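Residues per chain, in single letters:
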Amino acid sequence: MSEFFVHPDIKKAETLPAEFYRNPEVFERQKEAIFYKTWQWVGDLDSALPGNGSVFPIIFLTPMAQEPMLLVRDKEGTPRCLSNVCTHRGNILAHHPGKMVQLICGYHGRRFGLDGQFKSMPEFEAAEDFPRPCDHLHQYPLKTWHRLLFTSIDPSFDLGETLSQMDERVGFLPLDQLKCDPLRSRDYLVNGHWALYCDNYLEGFHIPFVHEGLNAAIDYDAYETHLYLHMNLQIGISKGDSICFDLPKGHPDYGKSVSAYYYWLFPNMMFNFYPWGLSINVVRPHSPSQSKVSFYTYVLDESKLDQGAGADLDKVEREDEFVVEAVQKGLQSRHYHTGRFSPTREQGVHHFHRLLAEHLSI
Ligand code: FES
Ligand SMILES: [Fe+2]
């Protein structure tokens, strides 16, 4: 079994070896070691759970994890994330979003409250030692940040602290008004490993080489990277009179022309804030050589769409895919093993590789 190590000093460190991206066994290990231990963004309150009694079935990180979950808002309005699997013989409880007063399994009629507690079951009067605690539905942790929902299978860290660090810079925006616009949201199938897609996202080093249009809108020399524990942030500063945030007094970046806050949450999520709103990107692993990248669009100010760093995201995405898919091919070479990091431009990629190596060696 391969072990990975990334030196904490970026000046000395080597990138993760090609084997990390190529080996199907390493890909399989990531399910338990990384994706079961971390959080996934699973939607927003208004789209998934518009009222008390709403239920919304999801599959956690499909197709890699395939964990059937059910987002539920009980009659008091408390949101929860329950297992969507009946504790009798494993039937899926809810197939469609809707409103319910209780959950009734369509196979043999077992009933649960919207809090996941077992309520009743026909023909079980003679069953001994029944019901037991395991007859209730399993409850997963659910975090709400403004209107956005996050859950996890077995998290190794508390997401609340991480999310509150995002508030330091974007908390001044009217985030409680975030509304998903499905017409502006879309999926991309990328012929590359999910971590290669993140590697590319985590540095602005490639912008002058790969994104001519974006490079004209942002000041490459003023680009910033900030590292947190399970998150990092890249700040794009606008060039000339390109559109930027109207930052309030006392904001950590007050006085700077910030055109984009690019937050990345370990392992596979990006929260890109632009003056027009938020683009959430989720990279879902399909295989060691294929991933699906989904863009979810939340508009806060339509008048600022299609300007500056937040303009033409589809073109920027195609340009990124071209290099990610080229690297995927390059990593199949028997002569490429590992690379080095630019100490001034690749701090985000180094941070990601450190987290990946740490999680895989637990
Ligand atoms: S599987 Fe649900 S009641 Fe039998
Ligand atoms: Fe890019």
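Residue positions are given per chain, counted from 1 along the sequence in the order it is written. Naming scheme: in the order in which they are written, chains are lettered from A and ligands are numbered from 1. Where local features are concerned, this predicted model is filtered to residues with pLDDT of at least 70; where side-chain atom pairs are given and counted, the filter is 80 or more; whole-chain, interface and lining totals use all residues. Based on all heavy atoms of the structure, the side-chain values leave hydrogens and waters out of the count.

1. Things to note about the nonpolar core
The criterion, for reference: For this analysis, a nonpolar core means a set of buried residues of the types Ala, Val, Leu, Ile, Met, Phe, Trp, Tyr and Cys, connected via side-chain atoms within 4.5 Å. For each residue, the accessible area found with a 1.4 Å probe, counting protein chains only, is set against the maximum for its type, and the residue is called buried under 20%, exposed over 50%, and partly exposed in between. The contact criterion used is simple: two residues touch if any of their non-hydrogen atoms lie within 4.5 Å.
Membership of the largest hydrophobic core comes to 65 residues, with the highest contact counts inside it found for F20, W194, W264, F352 and L356. Contacts of F352, omitting those with residues within four sequence positions, involve W194, A195, C198, D199, L202, W264, F266 and P267.

2. Looking at empty space enclosed by the protein
The line we're drawing: In this analysis a 1.4 Å probe is tested at points of a 1 Å grid over the protein atoms alone, and where it fits but cannot get out there is a cavity; an open set with protein on both sides within 12 Å along at least five of seven lines is a pocket; lining residues have an atom within 4 Å of a point. Grid points are joined across faces, edges and corners, and a volume is the space filled by probe spheres set on the points. We count a stretch as a helix when DSSP gives it H or I for four or more residues in a row; a strand needs E for two or more, and each element gets its number in order from the N terminus. Each residue is assigned to one of three groups, with Ala, Val, Leu, Ile, Met, Phe, Trp, Tyr, Cys and Pro labelled nonpolar, Asp, Glu, Lys and Arg labelled charged, and all others, Gly among them, labelled polar.
Counting across every chain of the model gives one cavity of 30 Å³ or more. The calculated volume of the largest cavity comes to roughly 320 Å³. Lining the largest cavity we find 22 residues, and of these Y201, Y262, Y274, V316 and D320 sit closest to its centre. Contributing elements (two or more residues each) for the lining of the largest cavity: helix 5 (194–201), strand 16 (269–274), strand 17 (277–287) and helix 8 (313–330). The element that contributes the greatest number of residues to the lining of the largest cavity is helix 8, accounting for four residues. When grouped by side-chain class, the residues that make up the lining of the largest cavity number 11 nonpolar, eight polar and three charged.

3. So, the coordination of the iron ion (ligand 2)
As a reminder, the rule being used: Only nitrogen, oxygen and sulfur atoms within 2.8 Å of the metal, or 3.2 Å for Na, K and Ca, are treated as donors, and water is left out, so sites may look incomplete. Each label reflects the angles at the metal, where four donors whose angles all fall between 85 and 135 degrees are tetrahedral, four or six donors whose opposite pairs open beyond 155 degrees and whose other angles stay between 65 and 115 are square planar or octahedral respectively, and the rest are irregular.
The protein atoms that coordinate the iron ion (ligand 2) are H206 (NE2), H211 (NE2), D320 (OD) and D320 (OD), at distances of 2.0 to 2.8 Å. In this structure, the iron ion (ligand 2) is surrounded by four donor atoms whose angles at the metal cover 52 to 146 degrees, and the resulting shape is irregular. Each donor residue of the iron ion (ligand 2) belongs to the same chain, with the gaps between them written as H-x4-H-x108-D. You can see H211 sitting in the loop between helix 6 (207–210) and helix 7 (212–217) and its partner D320 sitting in helix 8, a full 109 residues away along the chain. Residue classification places H211 among the buried positions, given a relative accessible area of 1%.

4. Focus on the layout of surface pockets
Taken as a whole, the largest pocket spans an internal volume of roughly 420 Å³. If you go around the largest pocket, you meet 19 residues; those closest to its centre are L196, D199, V327, Y336 and E346. Counting residues per element, the ones that place at least two in the lining of the largest pocket are helix 5, helix 8 and helix 9 (347–360). A per-element tally of the lining of the largest pocket places helix 8 first, with four residues. Reported here for the second largest pocket is a volume of approximately 350 Å³. Contributing to the lining of the second largest pocket are 18 residues, with V42, G43, I58, R284 and Y296 lying nearest its centre. Residue assignment for the lining of the second largest pocket shows that the elements contributing at least two residues are strand 1 (39–44), helix 3 (45–48), strand 2 (54–60), strand 17 and strand 18 (290–299). With five residues, the single largest contributor to the lining of the second largest pocket is strand 1. Its residues assigned to classes, the lining of the second largest pocket shows 12 nonpolar, four polar and two charged.

5. Re the domain arrangement of the protein chain
Using the following cut-off: A domain assignment, automatic or from a database, supplies the domain bounds used here. When two parts are put together, the accessible area they lose, computed with a 1.4 Å probe and summed over both, is reported as buried area. Between Lys or Arg on one side and Asp or Glu on the other, a salt bridge is scored when a side-chain nitrogen of the former is within 4 Å of a carboxyl oxygen of the latter.
Along its sequence, the protein chain is carved into domain 1 (39–152) and domain 2 (162–360). The C-alpha-based centres of domain 1 and domain 2 are spaced at 33 Å. The interface of domain 1 with domain 2 comprises 16 residues on the first partner and 23 residues on the second. On the domain 1 side of the interface with domain 2, the three residues burying the most area are W41, W145 and H146, jointly 41% of the side's total. The interface formed by domain 1 and domain 2 holds zero salt bridges in total.

6. What about the pairing of strand 11 (residues 148–152)?
Defined as follows: Here, strands pair whenever DSSP counts at least two bridges between them.
Within strand 11, five of the five residues are buried, which leaves it mostly tucked inside the rest of the structure. Every second residue of strand 11 is oriented toward a common face, with L148, F150 and S152 on one face and L149 and T151 on the other, all of them buried. The pairing of strand 1 with strand 11 spans five bridges and is antiparallel. Across the sheet, residue W39 finds its bridge partner in strand 11, namely S152. Pairing of strand 10 (residues 142–145) with strand 11, which is carried by four bridges, proceeds in the antiparallel orientation. Paired with W145 across the strands is L148, a residue of strand 11.

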